[in-house]
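Per-entry structural report
Each chain, letter by letter, is given below.
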Amino acid sequence: MELLKERILREASILNQDVLKLDALLNHQVDPLLTQEMGKEFARLYAESPITKVITVESSGIPVAFSTALALGVPLVFARRKKTLIADPDAYCERVPSFTKGIVTDIMVSRQFLTADDTVLFIDDIIANGDAARGLIKIIERSGAKLAGLGIVVEKSFQSGARTIREQGVRVESLVKIASLDGGKIRFE
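Residues numbered from 1 in each chain as written. Predicted model: local features only at pLDDT ≥ 70, side-chain atom pairs only at ≥ 80, totals over all residues. Heavy atoms only, no water.

Thoughts on the UniProt feature "binding site: xanthine" (unreviewed entry) in the protein chain
When the UniProt feature table is mapped to this numbering, "binding site: xanthine" (unreviewed entry) covers Leu-20, Asn-27 and Lys-156. Here Leu-20 lies in strand S2 (residues 19–21). Ignoring anything within four residues of it in the chain, the contact list for Leu-20 reads Ile-8, Ala-12, Ser-13, Ile-14, Lys-156, Ile-178, Leu-181 and Ile-186. Turning to its location among the elements, Lys-156 is positioned in strand S8 (residues 146–156). (UniProt positions renumbered as here; feature names shortened; annotations may be inferred. Helix = DSSP H or I, 4+ residues; strand = E, 2+ residues; numbered from the N terminus. Contact = heavy atoms within 4.5 Å.)

Right, dumping it as structure tokens:
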């Protein structure tokens, strides 16, 4: 997606050879028009799949997942990272490390919103090592729902996340693939 590449080159910053800061586009500030275009692109890529829900992990994946769900005309479900007082005590739960946060958290999805009748499209903002993605895929599998595929806004292909998920037989579509951040320069695949 050329528009996204242009915006990344103009607005992203490289923190080190492994971390790309996308706060101006995805993780702190959200451009609604760009987000809408990303959602339309994911809807186009998965148009042939009988998707009943879009799913993501709280919180940076929510805007693009919402836009995708809107384009597909289906509900959005997001895995929560924090248990609340009103949380479903019988929710699907998986413990996952976060590459960017440097912590381990639980992700939870209520059984009420993810069932064996669902075919879900998993949308996420960035994939590095893929731990959160693998955790949500385990939840989807336990629910009996079918996984149509994984849509990633930015795949850091120099890290193993997307590759290992593809090796599991999951369809992964990325809007942008970054091959390297070496030398403080973004190099796209």
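After presenting the structure, the write-up continues.
Brief notes about the pairing of strand S1 (residues 13–16)
Here S1 pairs with S2 via 3 bridges, running antiparallel. Across the sheet, Ser-13 pairs through a bridge with Lys-21, a residue of S2. The antiparallel hairpin formed by S1 and S2 contains 2 residues in its connecting segment. (Pairing = 2+ DSSP bridges.)

Concerning helix H5 (residues 131–143)
Here H5 contains 13 residues, and its C-alpha end-to-end distance of 19 Å stays within 8% of the 18 Å for a straight helix at 1.5 Å per residue. Within H5, the full set of buried residues consists of Ala-132, Ala-133, Gly-135, Leu-136, Ile-137, Ile-139, Ile-140 and Ser-143. (Expected span 1.5 Å × (residues − 1). Buried < 20%, exposed > 50% of the residue type's maximum accessible area, 1.4 Å probe, protein only.)

Quick word on helix H1 (residues 2–11)
Among the residues of H1, those classed as buried are Leu-4, Lys-5, Arg-7 and Ile-8. Looking straight down H1, one finds that the buried residues subtend no more than 165° of arc, so they occupy a single side. Of the exposed residues in H1, those oriented more than 90 degrees away from the buried face are Glu-2, Leu-9 and Arg-10. Packing partners of the buried residues in H1 comprise S2, helix H2 (23–27), helix H3 (32–45), S8, strand S9 (172–180) and strand S10 (187–188). (Arc of directions from axis to C-beta.)

As for the pairing of strand S3 (residues 53–57)
Among the 5 residues that make up S3, 5 are buried, leaving the element largely enclosed by the rest of the structure. Note that S3 and strand S4 (residues 76–79) share 4 bridges and pair parallel. Bridge pairing links Val-54 to Leu-76 in S4.

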